[in-house]
Amino acid sequence: MPTTTPKILEIGNIPYLHEAYPETTDFYSTWMDETVSDPARGRNIVSPGNLITLKSRLADPSYDLVAVQAGAFSPWSFRGLNRLLFRRSALRGPSPLFRAFGPQILRGRVAAPLAVLDTDDPAVIDRSNIFLWDKATVYFKRELPADHWRVFNGTLHWRVPTPRFRSNPRHRERIEKLRPISLGIPFAVAKGTLPTPLPASEKKADVFFAGRVQDSSTVRERGLKELLALRAEGVVIDVPEQPLGTDEYLARCARAWLAWSPAGYGWQCFRTYEAGLCGTVPLVNQPTIEQYRPLVEGEHAFYYDVEPGGLSRAVRGALVNRDRLMTMAAAAREHVQTWHTPKALARYIVETTLKLAGKAPDR
């Protein structure tokens with residue numbers, strides 16, 4: 001079992017583990033618009049010239065862990081080929097066509113324990129990722145339904161899996177590999193100057209929200225109308241009319257007592273964790289998924305019912321006790337910094353995978 005920083009091979013759009021373990025991680029980018037390669041720093045772009053090297057490294061037993069990010073569709077599907085070929089990056093640098101085939105190399109031998117990261121919006125596992133699921137030691141799913149069996153809906157099962165389907169040993173083995181994971185703090189925020197929590201005297205808004213509403217979820221469309229109606233009661237609502245830069249977004253979030261974080265295409269939103277980091281209490285509709293290290297109701301965040309009046313009641317109730325909000329905001333910030341930064345999530349991925357593979361590092 002490794003007693004030092006693990007040696008990792010990572011394949012995907014985002015260097016989750018390479019950012020946390022830069023000295024011991026070989027990262028192969030599959031991002032379609034990636035143009036920079038720096039092999040000396042362990043950063044590569046999947047290309048025809050290194051597919052053989054990548055295959056060899058996957059079979060190398062000296063690696064402690066392999067991590068791969070699940071895609072939204074197979075590279076040879078109509079949608080996959082269309083998105084690969086009809087983009088500007090197809091005209092410069094290594095062909096993006098081959099980048100999408102990076103995860104497909106895992107159909108061959110993989111010597112180390114495998115962690116699959118599925119951070120996509122849908123609460124299902126696409127049929128194109130089943131081979132990764134079968135190879136995986138752990139399959140980390142961002143939008144993991146409360147009933148794990150629903151990840152099969154419309155993929156390996158045409159509808160809601162039946163008792164017969166659920167009793168299949170192969171399907172049960174797949175279910176046992178599932179673990180939740182959070183979106184956490186975006187790299188752009190984690191790498192920047194972190195916002196400083198403000199004292200109560202500098203809180204200017206009762207509720208802050210910035211995000212897409214038009215053509216997003218009905219939770220946002222209906223909730224925003226309800227939220228804006230609270231202005232007639234004297235509640236200070238800060239909803240920018242124009243998109244904000246990251247610094248201004250975080251600053252305005254920090255100046256609010258509550259940050260509304262409704263579900264979008266998936267239930268999880270970056271703003272939930274960004275709000276906590278800013279020293280602002282997240283206000284979120286009731287979860288529809290199993291969470292990793294969730295912000296606790298009444299301790300770090302407030303959760304409300306989406307039925308009419310639920311959001312308004314939650315806002316009114318929360319604003320009654322401002323001292324409590326300051327205590328909750330401090331607890332939310334500590335919780336996010338402990339569990340939901342990119343480095344914290346990377347540790348969770350590594351430790352969970354190695355533990356389940358029987359290779360957990362000595363303490």
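First, a word on what this report is: a plain description of the structure on this page. (Residues numbered from 1 in each chain as written. Predicted model: local features only at pLDDT ≥ 70, side-chain atom pairs only at ≥ 80, totals over all residues. Heavy atoms only, no water.)

### Some points on the sheet that holds strand β11 (residues 256-260)
Taken together, five strands build an open sheet; the order of strands is β10-β9-β11-β12-β14 and the sheet is parallel. Every interior strand has two partners, whereas the edge strands, β10 (237-238) and β14 (302-304), have only one. Across three bridges, β11 lies against strand β12 (residues 281-285) in parallel orientation. Looking at β12, one finds that alanine 259 is bridged to proline 282. Strands in contact with helix α9 (residues 218-229) are β9 (205-208), β10, β11, β12 and β14; relative to β11, the strand with the most contacts, it is inclined by about 150 degrees. Along the sheet, helix α11 (residues 270-278) makes contact with β11 and β12, crossing β12 at roughly 160 degrees. (Pairing = 2+ DSSP bridges. Helix = DSSP H or I, 4+ residues; strand = E, 2+ residues; numbered from the N terminus. Contact = heavy atoms within 4.5 Å. Axes fitted to C-alpha atoms, helices over the stretch in contact; angles between N-to-C directions.)

### Focus: helix α13 (residues 322-339)
Across its 18 residues, α13 extends 26 Å between first and last C-alpha, which sits within 8% of the 26 Å expected from 1.5 Å per residue. Among the residues of α13, Leu325, Met328, Ala329, Ala332, Arg333, His335 and Val336 are the ones counted as buried. Down the axis of α13, the buried side of the element spans an arc of 165 degrees, and every buried residue falls inside it. Exposed residues on α13 whose side chains face more than 90 degrees from its buried face are Asp323, Thr327 and Glu334. The elements touched by buried residues of α13 are β11, α11, β12, β14 and α12 (310-319). For α13, the side-chain oxygen to backbone nitrogen distance between the N-cap and aspartate 323 is 3.2 Å, and the N-cap itself is asparagine 321. (Expected span 1.5 Å × (residues − 1). Buried < 20%, exposed > 50% of the residue type's maximum accessible area, 1.4 Å probe, protein only. Arc of directions from axis to C-beta. Polar contact = N/O pair within 3.5 Å; in protein donor to acceptor, adjacent residues only side chain to side chain.)

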